[in-house]
Structure formats: structure tokens, C-alpha cells
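# Residue-level structural notes
Chain by chain, the residues:
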Amino acid sequence: MTRRGRIVVWTGGVLGVLVLGTAGVGAWVYQHLDGNIHGVDIGIDGARPVNLSPGSKNILVVGSDSRAGANAKYGRGLTTMQSDTLMLVHIAANRKWATALSFPRDSWVQIPACTRGNGSQSSPHHFKINEAFSIGGDSGDIRKAAACTIKTVEKNTGLRIDHFTSVDFQGFKGMVNALGGIEVCPKHAIHDKKAHLDLEAGCQTVRDEKALGYVRTRYSVGDGSDLGRIGRQQEFMKALGAKAQEKLTSPGELYDFLNSATQSISTDKGLDGLKPLYDLAATFKDIPSDRLTFVTVPNYYREADVPTDKANVIWQYPQASQLFSDIAHDRELGAAGKKKLAEAAKNPVTAHSVQVRVLNGTGIPGRAASAADQLRKLGFTVVATGNAPATDKTTLTYPAALKAQSAVLSGRLDGIKATERADATPGAVTLTIGPDFPAGSR
């Protein structure tokens, strides 16, 4: 269900299972496939965002590359659970549109404190977003892996996650194989040892290890980024969905496909079983293709803010926070909104380009210096620190010429809005620290 294709597959596939009942074996088949699905109780501690649009649903989808069992060939040295793909599917309350939001696995975000497998708590810190799955899953417990991932996404987006599902390597291969493979058309030959892939240029049908390698390959294609891989995964899953609709017409083929799919899926208790998954998938059947929008969180390479970091991306603000707000309030992005994000991505306002004055309005010595250090770690350029008259609330002010820069900083600080001031210091935005700071920086 990581792309529209898989959602369509669930709709047609589960209906097919119900049809099998007329042959006298349907009940057993249904119970077997239903029993394959691994449903778990996911306990999430601490404060959580509220759902601001009752009736809408946010489903967090993880492509899991756990290295246990048959998956060990992809990296035996890894002792924790791994996440290879992370996305959020938002279903509108009116069920007339949906948005699939991908999170690059190299996104540099705040990882909140999470419960590890041994019951201890990790410390809050910044790192790649996919580390959350590994922290919670350091002992192979999908419940804690899911909980830490949900906490991390909620912390950095402000979105309430309603459901969780994950799909692992082996199930993906089984689904592709049941369809007889999927055609791909790489423009250049791909030779990637890490992805176990040797593929010549040109159109060809891939299955089994080659299919998995194609969606996992990264360093040997294009610029080697996770962003390019997301695009390949999207196209592959669209092709998988189209072929499934065309090919899954016989009971045998349908059973093989669904058996692989259901064996590889773990969900929260709310989606545990064929019926709730079917009910979920059925909500998509009337959504027109032009109202199902695929988008990646706006981002740029973190090297622009921190020259020594050549391995991660940072989310682009205020575009990212506006996108999260639109989803939270059930506002459709659509083609126009996606085009606007693409235009903004051409010339992002980086954190490093934002000059900040930090003033201490708490009366407690050292608060400005502490806040300045926090902002520098996020990549901002702190030009001055000092004291200000006592204030009850953190404020952010800016001169008219720096509206875009102020929006970048306010997007990274929870609950702090920027205000234009005619008497603001030219050339810099001014952050005056109150007792409520830090309100939570991203």
C-alpha cells in the first residue's frame, strides 16, 4: 500500500478472495490470509498531536528491511530493524482526494526520546529520520520500532498518525514474482553491489532479487541520493498496480500474490485483518487519479547549512510546515500546490542565509547564548546576542525586507509566529527569548 498501485491491488485482491468463497474453499483461504497479517498493539507515550480534521485518516507506511531470517543477505552486520521507505498517506474526510507524502530517509530531524527493546529510554537528538525505526527496533520488536517512528513523525510534522503498516523485503519480492515480474527501462546500466543488482540499460522485466535491487539501488544511479530512489520506487509501484489489475484474474495467481503480501505486512490493531484493510482500500476506489497527489517533503541538501554534512537533507521551510498544516486541516494540495512547491525548491532560502539576533528576555543569565548555540546547530547564522526587557513570551520580529527569512526561522520553531516591525533591526531577524523557549525546534 506504499503507492496508489498497491492500494488498488488491495481493493481488487480482497474482493477476489471473497469471490473464491463460491468455489467452496474461500473460507479456508480467507482465514489463512487473514491470519498471515501481523497486528500489534502500539503504545505511544507522551503528548501527541490532535486530529484537526475529524474523519480524515493519516496512515504511516514503512518499507522495512529487517535483516532477520531470509533478509540476512542484505547486511548481517546490522542487529536492529531497518526502515528503507517512509511515507504518510492522508485520506481526506470526504474521501474525494488523498495525498501520499514521502519522507526522504536521509532527512535530518529531531528524534525524540523513545523506548528501546530493553526498556531503557534513548536521549532526544538530531539524526536521519529512519534511525527512529532502528532505535525502537533494536531488539526486533515491531511495536517499539513503530512507536518510535510514529513519535518522530508526529514531533517533526505536528500530524496525528491514526494507523501504521509495514511491508518487508521478502513480501515485496513475492508480490512481484506472483505477477511474473515488472518491466523497467533504465537509461543506463546499473551495477550496485550493495543492492545486489547488475542491470543492463534498456527495457526488461525484473523479478525476485533484481526487482528488489532496482527499488533499493541508490549510489549507482543518478546523483546517488535517496531522492532519486523515491522517484524510482513511485514509478515501480505504479507499474506493479497496473499489472496487478490486468493479471490477477485466476484464483491461483491471486492467492500467490495475496499470500506473499499478507505474510509481509504488520499493522496496528486497527488494521489487523483482511476486512479492515479492504475497508480502507475501498475508500480509494472512487478517487480520481488526478486527485491522488504524490509529493516528497520539500528539502535541500544540508551541506548548504552545515558544510561538513554531505550525507543528509534538511526540510525546506516554510514550505514544509505549510504542507503539514494543509494536511492537518484537510486541505488538498493538488497539482497547483505541487507545482508551487517545485518552483520554491529551485531557489530555497537556506537556514544559513538567515541572520539572527538573539536577545534574552527571561532575566536568567545565559539563555540567549544557549538559544544561539541551538540555532547554530540548525544551520542559522547568529550575528549577535544580548539582553532585552523582560517578556512573558518568545517573539520573532523582522524588517519588511526579511519576510522570507523570518518564515524560515519561524517554521523551525514550534508555536512562534513572526511579526513585521517597522523599527526592526535592518539585515537580521530578532528572536527574543521568553520563559516558553525552547517551544520545540525542528
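Starting from 1, residues in each chain are numbered consecutively following that chain's sequence as written. Where totals are concerned, whole chains, interfaces and linings use all residues; where local detail is concerned, this predicted model gives features only for residues with pLDDT of at least 70, and gives and counts side-chain atom pairs only at 80 or more. Where side-chain values are given, they derive from all heavy atoms of the structure, hydrogens and water being excluded.

### With respect to the overall build of the chain
Strands are runs of DSSP state E lasting at least 2 residues, helices are runs of H or I lasting at least 4, and numbering of each runs from the N terminus. A count of helical and extended segments in the chain gives 13 helices and 20 strands. Burial analysis of the chain (442 residues in total) assigns 54% to the buried set. Taken as a whole, the chain presents about 18,900 Å² of accessible surface, with 53% of it coming from carbon and sulfur. Only protein chains enter the area calculation, which uses a 1.4 Å probe; residues under 20% of their type maximum are buried, those over 50% are exposed, and those in between are partly exposed. Accessible surface area values rest on a Shrake-Rupley calculation with a 1.4 Å probe, where residue burial reflects the displayed protein chains alone.

### What about the state of the cysteines?
Counting rule for disulfides: a pair of cysteine sulfur atoms within 2.5 Å. A full pass over the atoms with the stated rule returns two disulfides. Residue C114 pairs covalently with C148 via a disulfide, S to S 2.2 Å. In this structure, the disulfide formed by C114 and C148 twists by about 80° around the S-S bond and is classed as right-handed. Of the two residues, C114 sits in the loop between β5 (108-111) and β6 (125-128) while C148 sits in helix α4 (residues 142-157), which places them 34 residues apart along the sequence.

### A short note on the environment of G231
Here G231 is to be found in helix α7 (residues 226-247). For G231, a relative accessible area of 28% corresponds to the partly exposed category. Between the C-alpha atoms of G231 and T296, which are 65 residues apart in sequence, the distance is 9.3 Å.

### A few points about the nonpolar core
Counting residues in hydrophobic clusters, the biggest one holds 46 residues, and the most contacted among them are F172, F236 and L240. Any two residues having at least one pair of non-hydrogen atoms within 4.5 Å are treated as being in contact. In this structure F236 touches F172, V176, I182, V184, V206, A211, Y214 and V215, once residues within four positions along its chain are discounted. In this text, buried Ala, Val, Leu, Ile, Met, Phe, Trp, Tyr and Cys residues form a nonpolar core when linked through side-chain atoms within 4.5 Å. Residues L88, V109, A147 and I150 belong to the second largest nonpolar core, which totals 37 residues.

### Quick notes on the sheet that holds strand β19 (residues 418-420)
One key point about sheets: their strands pair by backbone hydrogen bonds, in either a parallel or an antiparallel sense. Two strands qualify as a pair provided that DSSP identifies no fewer than 2 bridges between them. Strand order in this open sheet of five strands is β17-β16-β20-β18-β19, and the pairing throughout is mixed. Edge positions in the open sheet fall to β17 (381-387) and β19, since each of these has one partner strand only. In this sheet, neighbouring strand axes are inclined to one another by 25° on average, regardless of whether the strands run parallel or antiparallel. For helices, the fitted line uses only the C-alpha atoms of the stretch in contact; every axis is such a line through C-alpha atoms, and the angle between N-to-C directions lies from 0 to 180 degrees. Strands in contact with helix α12 (residues 367-377) are β16 (355-360), β17 and β20 (429-433); relative to β16, the strand with the most contacts, it is inclined by about 155°. Along the sheet, helix α13 (residues 403-412) makes contact with β16, β18 (395-398), β19 and β20, crossing β18 at roughly 160°.

### A word on the environment of L292
In this fold, L292 is placed in strand β13 (residues 292-296). The exposure class assigned to L292 is buried, which follows from its relative accessible area of 7%. For the pair L292 and A100, spaced 192 residues apart in the sequence, the C-alpha separation amounts to 7.5 Å.

### A closer look at helix α5 (residues 169-178)
Among the ten residues that make up α5, eight are buried, leaving the element largely enclosed by the rest of the structure. Within α5, the full set of buried residues consists of F169, G171, F172, K173, G174, M175, V176 and A178. In the stretch just after α5, G180 is the one whose phi turns positive, near 80°.

### Some words on the packing of α5 against helix α6 (residues 208-216)
Interhelical geometry of α5 versus α6 gives an angle of 120° and a closest axis separation of 9 Å. Of the possible angle classes, the one that applies to α5 and α6 is oblique. Regarding α5 and α6, the two cross each other, and that crossing is right-handed. Of α6, the residues touching α5 (which contributes F169, F172, K173, V176 and N177) are D208, E209, A211, L212, V215 and R216. Each residue receives one of three labels: charged for Asp, Glu, Lys and Arg, nonpolar for Ala, Val, Leu, Ile, Met, Phe, Trp, Tyr, Cys and Pro, and polar for the others, Gly being one of them. Among the residues forming the contact of α5 with α6, the class breakdown is six nonpolar, one polar and four charged. Angle categories: roughly parallel below 35 degrees, roughly antiparallel above 145, roughly perpendicular from 65 to 115, and oblique for all the rest. Handedness of a helix crossing follows the sense of rotation of the near helix relative to the far helix, less than a right angle counterclockwise being left-handed and clockwise being right-handed.

### Thoughts on the pairing of β20
With five of five residues buried, β20 lies mostly within the body of the structure. With burial as the criterion, each face of β20 is covered, one bearing V429, L431 and I433 and the other bearing T430 and T432. Of the strand pairs in this sheet, β16 and β20 are connected by five bridges, and their pairing is parallel. Across the sheet, residue R357 finds its bridge partner in β20, namely T430. Pairing of β18 with β20 involves three bridges; the strand directions are antiparallel. Along β20, the bridge assignment pairs T397 with T430.

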